[in-house]
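Below, each chain spelled out in residue letters.
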Amino acid sequence: MSCSHKGEVKVLDASRDTTIMIKTNAGNPVMMLLEIKGETNDSFKINNFIFPGGSVDTKMQLDWYNKDFPLKYQSYKATKGSLTIKYNL
């Protein structure tokens, strides 16, 4: 039996660091799929991965081993823009 947890997080101000705790009921290691779309004027980080600025439309997969998943956005060099991050595990 599998467990699916989906949602969406909006980063409306790319200049502000934000951490969102995603609560799950996963009991085993899971694969987290992130779909990131939007636009920023410079590079930014999500969970310590650096993404270039400009128009963003990318996906990434992460293995996760806990029930709660911290989605950590850091502006890094970005001062303008917004992003939508969809997650699915």
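About the thresholds
Residues numbered from 1 in each chain as written. Predicted model: local features only at pLDDT ≥ 70, side-chain atom pairs only at ≥ 80, totals over all residues. Heavy atoms only, no water. Helix = DSSP H or I, 4+ residues; strand = E, 2+ residues; numbered from the N terminus. Rg over C-alpha atoms; globule rule 2.2 N^0.38 Å. Contact = heavy atoms within 4.5 Å. Areas by Shrake-Rupley, 256 points an atom, 1.4 Å probe, with all protein chains shown as cover. Core = buried A, V, L, I, M, F, W, Y, C linked by side-chain atoms within 4.5 Å. Buried < 20%, exposed > 50% of the residue type's maximum accessible area, 1.4 Å probe, protein only. pLDDT = per-residue confidence, 0-100. Salt bridge = Lys/Arg side-chain N within 4 Å of Asp/Glu carboxyl O.

Caption draft 1: Main features of the overall build of the chain. On a plain count of helices and strands, the chain comes out with zero helices and eight strands. Helices (α) and strands (β) of the chain occur, in sequence order from the N terminus, as β-β-β-β-β-β-β-β. For a compact globule of 89 residues, the expected C-alpha radius of gyration is about 12 Å, and the chain comes in at 13 Å, within 12% of that figure. Reported as C-alpha extents along the three principal axes, the dimensions of the chain are approximately 40 × 20 × 20 Å. Within the chain, counting contacts between residues at least 6 apart in sequence, those at least 24 apart form 78% of the total. Here the chain displays about 5600 Å² of accessible surface, and carbon together with sulfur accounts for 47% of that area.

Caption draft 2: Representation of the nonpolar core in the model. Formed by 23 residues in total, the largest nonpolar core has its most connected members in Leu 34, Ile 36, Phe 44, Ile 46, Leu 71 and Tyr 73. Of all elements in the fold, only strand E1 (6-11), strand E3 (30-40), strand E4 (44-46), strand E6 (54-64), strand E7 (68-74) and strand E8 (81-88) reach the threshold of two or more residues within this core. With four residues, the top contributor of residues to this core is E3. Non-local contacts of Ile 46, meaning those with residues more than four positions away in its chain, are made with Leu 34, Ile 36, Phe 51, Leu 71, Lys 72, Tyr 73 and Ile 85.

Caption draft 3: Focus on the confidence of the model for the chain. When the pLDDT values of the chain are averaged, the result is 90; 96% of them are 70 or greater. Confidence, expressed as mean pLDDT per element, reaches its minimum in the chain at strand E2 (residues 18-23) with 90 and its maximum at E4 with 97.

Caption draft 4: Examining the pattern of salt bridges more closely. Within this structure, the stated rule accounts for three salt bridges. Put simply, Asp 68 and Lys 23 hold a salt bridge, and the shortest N to O gap is 3.6 Å. Residue Asp 68 is found in strand E7, and its partner Lys 23 is found in strand E2; the two are separated by 45 residues along the sequence. Among the residues examined, Lys 23 registers a relative accessible area of 54% and is labelled exposed. One salt bridge connects Glu 35 with Lys 37, and the closest N-O pair in it is separated by 3.4 Å. Taking the relative accessible area as the measure of exposure, Glu 35 reaches 21% and is therefore partly exposed. A residue is classified by how much of its surface remains accessible, and Lys 37, at 38% relative accessible area, is partly exposed.

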